[in-house]
Amino acid sequence: MDDLEFERLLKTTRLKLDDIERAAIQKDIEEVIGYFEKIGEIDTEGEEKAYHPIKVDARLREDSVSKFADVDMLKRQTKLHDGYIIGPKL
Amino acid sequence: MKSYIKEFLEVEKPKDYYGSLVAEIEEKNREQHFITTLNSNIASEDKGRLPFTVKANICVKGFETTAGSKMLKGYLPPFDATVVERMRSSGNFSFLGETNMDEFGFGTFGLNTEIPARNAFNSNYVAGGSSAGAAVATAMLKYHIAIAESTGGSISTPAALNGVVGFTPTYGTVSRYGLIDYANSLDKIGVIARSAADARIGFDAIKGRDAYDTTCSIEKIGNSGKKKLFIIKELMDKAEKPVSSSFEKLLDRLGERYEIEEIESGIIEKAIAPYYIIAMAEASTNLAKYNGYKYGMQYGETNKRYNNFFTEARGDFGSEAKRRIILGTFIRSESVRDRYYAKATQVRSMVIKEMQKILKEGFIISPALPIFTPKIEDAVKLTPTQNYAMDVFTVPPNFGGFPHITFPYDYYDGMPLGAQLVTEHANDYALFDFVSGWEESFDYRFKYNLGEL
């Protein structure tokens, strides 16, 4: 993986690494991607894709109003302004 | 059948039993670091119930739940996970605390967190991961049951390394509502206990459909006993001494009751790379939501611009988490998505079909790990792919959502060795019966018995 691609990934993932961590992680990622390449040796022609290990039925629950947990407990853990959570500027 | 749970529930406890237990745990936890959040009020809440713990990625209302990450420091869930609610409402269990783990479940040895748990038999050795604290707590507390979670081996590995029983159910039998996700198509909540009978009691308490988890769809769980044990040659070739030699002795003993057959299977051995591809792809999307202001760690510098804020706030992820976020995001990139992610889902299909064919005829048995328990100082030197190779036995059943159980079968140099038994989807009860049979002729050893009556 070249530096440009690594930079793109850091930007996409909103991660910042110092020089030491960056060198270590970039090296590890090279190693892991090399390991993942093994999958190319497997002939999967015509094989279906398993997104889950078991068959998951589409089930719907009753469309009814229910109270989600203790919202006040969640609110006490964040900074609020007029009941809204304060976040960064857009 | 040995059941510590039944034994505990049937006898009268001393007046300040729970207060003394909390004090004992606080003292031992200073060395072993198995509990991250302790319910010191259990004495006032308890009505003679058995203490249970949950892995720190399972939400408990009002108790700090961090999933082993600084990113969730201070997070007090406003609700109980379904498994917690079911344990409480069963009438037999009281919440004791949350157990240590690798950050978000990212690890084989329990070392990827700020202060790792230590092995219950010897604190110089790894506890195993990622449900490290759950297994150590079970090995240390005589009367207790742990609710843990496995994505690719996070129950089997620590249970084996701490000499206890680790049960991972069929994917879709236990609700994941309230679990802090690692990889949604692979995560399974299970049980760690001191005997197979106790693991079954725990499973019965938490299983069953849940309107809040659509993947929790399996209701009927069977008990189809098998007469045959299969050994997969390509996997066994990876086992090193003394694991391989001890395991041979186990097979000799089991050979008196079961027919044992060694078979070859090229595809099962190849499960590790596609497993990690899917796990990392799913993990990287799950970890996108940690942003430093909605819940958990509060970054606070809201005067910063949008992108700068998130980049600074997400600096508290550990190195392994950062590595998996970057790799998972790379795997999902449009240019390589088919080459890695799509192909991995096809390989998963092949592994499931192959294992289904084998498991119809019998159980698959293996050691839980290919190597003897490593010392912490040695485990930290392993590269990522050397770490992943440790999951050679635990990944196939986890990848395919097959139920499996780990149990102690020998001791070497004072440390336990664990074997792993796998069966068909929704045949979970057969595992408990097998291990209960084993326990009739083999005594498990425990170094500690905190809370002994």
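Residues numbered from 1 in each chain as written. Chains lettered and ligands numbered in written order. Predicted model: local features only at pLDDT ≥ 70, side-chain atom pairs only at ≥ 80, totals over all residues. Heavy atoms only, no water.

## Here's the deal with the packing of aromatic side chains
Residue and element names in this part refer to chain B.
(1) Moving on: One pass over the structure, following the stated rule, counts 42 aromatic pairs over all chains.
(2) Moving on: Consider the rings of Tyr4 and Phe446, whose centres lie 6.5 Å apart with planes at 85°: the pair is edge-to-face. Remark: Phe446 occurs in the segment after α18 (429-439) and Tyr4 occurs in helix α1 (residues 4-10); sequence separation between them is 442 residues.
(3) Moving on: With a relative accessible area of 19%, Phe446 lands in the buried category.
(4) Moving on: Measuring from centroid to centroid gives 5.3 Å for Phe8 and Tyr143, while their planes differ by 40°, and the two rings are tilted. A residue pair is termed long-range when its members are at least 10 positions apart, and Phe8 in helix α1 and Tyr143 in the loop between α5 (132-140) and β4 (145-150) qualify at 135 residues. No difference in accessibility class separates Phe8 from Tyr143, as the two residues are buried.
(5) Moving on: Members of the aromatic cluster, connected to one another through ring pairs, are Phe121, Tyr258, Phe363, Phe407, Tyr411, Phe434, Trp438, Phe442 and Tyr444.
(6) Moving on: Between Lys2 and the ring centre of Tyr4, over which it is positioned, the NZ or CZ distance is 4.7 Å. (Phe/Tyr/Trp six-rings, centres within 6.5 Å; stacked < 30°, edge-to-face > 60°. Helix = DSSP H or I, 4+ residues; strand = E, 2+ residues; numbered from the N terminus. Buried < 20%, exposed > 50% of the residue type's maximum accessible area, 1.4 Å probe, protein only. Lys NZ or Arg CZ within 6 Å of the ring centre and 35° of its normal.)

## Observations concerning the sheet that holds strand β8 (residues 259-263) of chain B
Residue and element names in this part refer to chain B.
(1) Moving on: Taken together, eleven strands build an open sheet; the order of strands is β1-β3-β2-β4-β6-β5-β10-β11-β9-β7-β8 and the sheet is mixed. Pairing within the sheet leaves two strands with one partner each, and these edge strands are β1 (35-38) and β8. Recorded for the sheet is a direction-independent mean angle of 30° between the axes of neighbouring strands.
(2) Moving on: Sheet topology note: the β1/strand β3 (residues 93-99) ladder contains three bridges and is antiparallel. (Pairing = 2+ DSSP bridges. Axes fitted to C-alpha atoms, helices over the stretch in contact; angles between N-to-C directions.)

## Structural notes on a negative patch on the surface
Residue and element names in this part refer to chain B.
(1) Moving on: Negative charge collects at one region of the surface, where Glu248, Asp252, Glu256, Glu262 and Glu264 lie side by side.
(2) Moving on: If you trace the backbone, Glu256 turns up in the loop between α9 (243-254) and β8.
(3) Moving on: You can call Glu256 exposed: its relative accessible area is 68%. (Patch = residues over 30% accessible without salt bridge, like charges linked within 9 Å, V, L, I, M, F, W, Y side chains within 5 Å. Areas by Shrake-Rupley, 256 points an atom, 1.4 Å probe, with all protein chains shown as cover. Salt bridge = Lys/Arg side-chain N within 4 Å of Asp/Glu carboxyl O. Lys, Arg positive; Asp, Glu negative; His and termini not counted. Charge placed at Lys NZ, Arg CZ, Asp CG, Glu CD.)

## Digging into the packing of helix α1 (residues 3-13) of chain A against helix α13 (residues 319-331) of chain B
(1) Moving on: Their axes nearest at 10 Å, the elements α1(A) and α13(B) cross at an angle of 105°. Considering the angle they form, α1(A) stands roughly perpendicular to α13(B). Of α13(B), the residues touching α1(A) (which contributes Glu5(A), Phe6(A), Leu9(A), Leu10(A), Thr12(A) and Thr13(A)) are Ile325(B), Ile326(B), Thr329(B) and Phe330(B). (Parallel < 35°, antiparallel > 145°, perpendicular 65-115°, else oblique. Contact = heavy atoms within 4.5 Å.)

## Thoughts on helix α14 (residues 338-361) of chain B
Residue and element names in this part refer to chain B.
(1) Moving on: Taking 1.5 Å as the rise per residue, α14 with 24 residues should run 34 Å; its terminal C-alpha atoms sit 34 Å apart, in good agreement.
(2) Moving on: Ala344 marks the point of greatest bend in α14, at about 25°.
(3) Moving on: Counting buried residues in α14 gives 17 out of 24 residues, a clear majority hidden from the surface. (Expected span 1.5 Å × (residues − 1). Bend = angle between axes of the 7 residues up to and from the residue.)

## Some words on the pattern of salt bridges
Opposite charge on two side chains allows them to pair when their charged atoms are near.
(1) Moving on: Following the criterion strictly, the structure yields 26 salt bridges over all chains and no others.
(2) Moving on: The closest approach of N and O atoms between Arg323(B) and Asp28(A), which form a salt bridge, is 2.3 Å. Of this pair, Arg323(B) sits in helix α13 while Asp28(A) sits in helix α2 (residues 19-36), which puts the two residues in different chains.
(3) Moving on: Overall, the relative accessible area of 12% leaves Arg323(B) in the buried class.
(4) Moving on: Take Asp28(A): its relative accessible area is 11%, and that puts it in the buried class.
(5) Moving on: The salt bridge involving Lys228(B) is made with Glu261(B); its shortest N-O contact spans 2.8 Å. Separated by 33 residues along the polypeptide, Lys228(B) in strand β7 (residues 228-232) and Glu261(B) in strand β8 bring together distant segments of the chain.
(6) Moving on: Of the residues examined, Lys228(B) reaches a relative accessible area of 21% and is grouped as partly exposed.
(7) Moving on: Salt bridges sharing common partners tie together Asp28(A), Glu320(B), Arg323(B) and Arg324(B).

## Comments concerning the interface of chain B and chain A
(1) Moving on: Between chain B and chain A, the contact holds 81 residues from the first and 55 residues from the second.
(2) Moving on: With both sides pooled, the region where chain B packs onto chain A buries about 6100 Å², and carbon together with sulfur makes up 65% of that total.
(3) Moving on: Three residues, Pro78(B), Ile326(B) and Gln346(B), lead the burial of chain B against chain A; their summed loss comes to 10% of the area buried on that side.
(4) Moving on: At the surface where chain B touches chain A, the tally comes to seven salt bridges. (Buried area = accessible area lost by both parts, 1.4 Å probe.)

## Some remarks on the packing of α2(A) against α13(B)
Helices that pack against each other are described as a pair by the angle of their axes relative to one another and the distance between those axes.
(1) Moving on: Following both chains from N to C, one finds α2(A) and α13(B) inclined at 50°, their axes separated by 10 Å at the closest point. As far as their axial angle goes, α13(B) and α2(A) are oblique. Regarding α2(A) and α13(B), the two cross each other, and that crossing is right-handed. Of the residues in α13(B), those touching α2(A) at Glu21(A), Ile25(A), Asp28(A), Ile29(A), Val32(A), Ile33(A) and Phe36(A) are Ser319(B), Lys322(B), Arg323(B), Ile326(B), Leu327(B), Phe330(B) and Ile331(B). (Left-handed = near helix turned anticlockwise from the far one by under 90°.)

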